[in-house]
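Reading the structure
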Amino acid sequence: MSNVRPESMARITTKELADKFIAEQVAEIRAQVGDKKVLLALSGGVDSSVVAALLIKAIGKQLICVHVNHGLMRKDESEEVIRIFRDGLDANLVYIDATDRFLGKLEGVSDPEKKRKIIGGEFIVVFDEEARKLTDVDFLAQGTIYPDIIESDGVKAHHNVGGLPEDMKFELVEPIKLLYKDEVRVVGKALGLPASMVDRQPFPGPGLGVRCLGAITRDRLHALREADAILREEFDICGLSQKVWQYFIAVPDMKSVGVKDGKRYEGWPAIIRAVNTTDAMTATIEEIPYAVLHKITDRITKEVEGINRVLLDLTPKPVGTIEWE
């Protein structure tokens, strides 16, 4: 590939280098796009958010961001996307709440691969429906980064957004495709995106769908979302969020007996997973201080309806994968 990053290319480690990169990309985007419109699937993840901010800086309202809420986002994530992009950056943002649609299709489906396929497939359908409502869009922006190109040996599965139909012809705009993840974060901060978005941990495409184990139900999904928010809040408070690569809650489809207000009741367990890795190929577990674990356990069991136990996953990779499903 002609655009594969030469090793001599300077790494973006400072705000000054990021500003220089941003200025270069803004000029390149304007030259490529002209007065035409660009479409972007904005997930709220680091890569798509940085691409969105970069394109807004370059072409403003010519960028149409489509944010699909599949109902499997973490707590307040869609609200944050709207607040940052529509309210803060005055983005041309199309917000679609497709929660009922996704959860309807997932009802009774417990096989992890089937769940992933349904979520990915439905995302394409929803995005495609929105794309067809728009006229005179010639470009599709994507948050492709350098490891994507390396991993796929130069052939990125051409549509990050998920394989749009062949009759929709777009020219790609991929402004961060020569950057590594840490560089993307530096650029994001230089663009003024908040740390909560730029430093956010990796989050799988199917979202909480692969952490609400087995067949997804709304009540268990709600419990998972609330418990996960407590874990993240407590990791922020004690400083672990700065040193742990990925941490989350998984809630299995099983119940155990607990005691509440002097009565026996059944509830789900919340499983804490916290791992460190450099390449996601292998991972070690983070040793969380017991005082922190006690506080998290106390809060989750008291504040989250339906959860009566908190468990800690001590398994490195190998032998366990990072996600449960």
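Further up the page is the structure itself.
Quantities reported herein were computed from a predicted structural model and do not represent experimental measurements. (Residues numbered from 1 in each chain as written. Predicted model: local features only at pLDDT ≥ 70, side-chain atom pairs only at ≥ 80, totals over all residues. Heavy atoms only, no water.)

**A word on the sheet that holds strand S5 (residues 171-173)**
Strand order in the open sheet formed by 5 strands is S3-S2-S1-S4-S5, and the pairing between neighbours is parallel. Edge positions in the sheet fall to strand S3 (92-97) and S5, since each of these pairs with one other strand and no more. Across this sheet, the average inter-strand angle for adjacent strands is 30°, counted without regard to direction. The sheet contact formed by strand S1 (residues 37-41) and strand S2 (residues 63-69) spans 4 bridges and is parallel. Within S2, the residue paired with leucine 40 across the bridge is cysteine 65. Where helix H3 (residues 77-88) meets the sheet, its contacts fall on S2 and S3, and the angle it forms with S3 comes to roughly 165°. Relative to the sheet, helix H5 (residues 112-133) contacts S1, S2, S3 and strand S4 (137-141), its axis offset from that of S1 by approximately 160°. (Pairing = 2+ DSSP bridges. Helix = DSSP H or I, 4+ residues; strand = E, 2+ residues; numbered from the N terminus. Axes fitted to C-alpha atoms, helices over the stretch in contact; angles between N-to-C directions. Contact = heavy atoms within 4.5 Å.)

**Considering the pattern of salt bridges**
Tallied over the entire structure, the rule returns 27 salt bridges. Residue lysine 20 is joined to glutamate 24 by a salt bridge in which the shortest nitrogen-to-oxygen separation is 3.1 Å. You can see lysine 20 and its partner glutamate 24 sitting in helix H1 (residues 15-33), 4 residues apart, about one turn around the helix. Accessibility expressed as a relative area gives 38% for glutamate 24, which makes it partly exposed. The shortest N-O distance in the salt bridge between aspartate 47 and lysine 181 comes to 3.0 Å. (Salt bridge = Lys/Arg side-chain N within 4 Å of Asp/Glu carboxyl O. Buried < 20%, exposed > 50% of the residue type's maximum accessible area, 1.4 Å probe, protein only.)

Nothing here speaks to function; it is all geometry.
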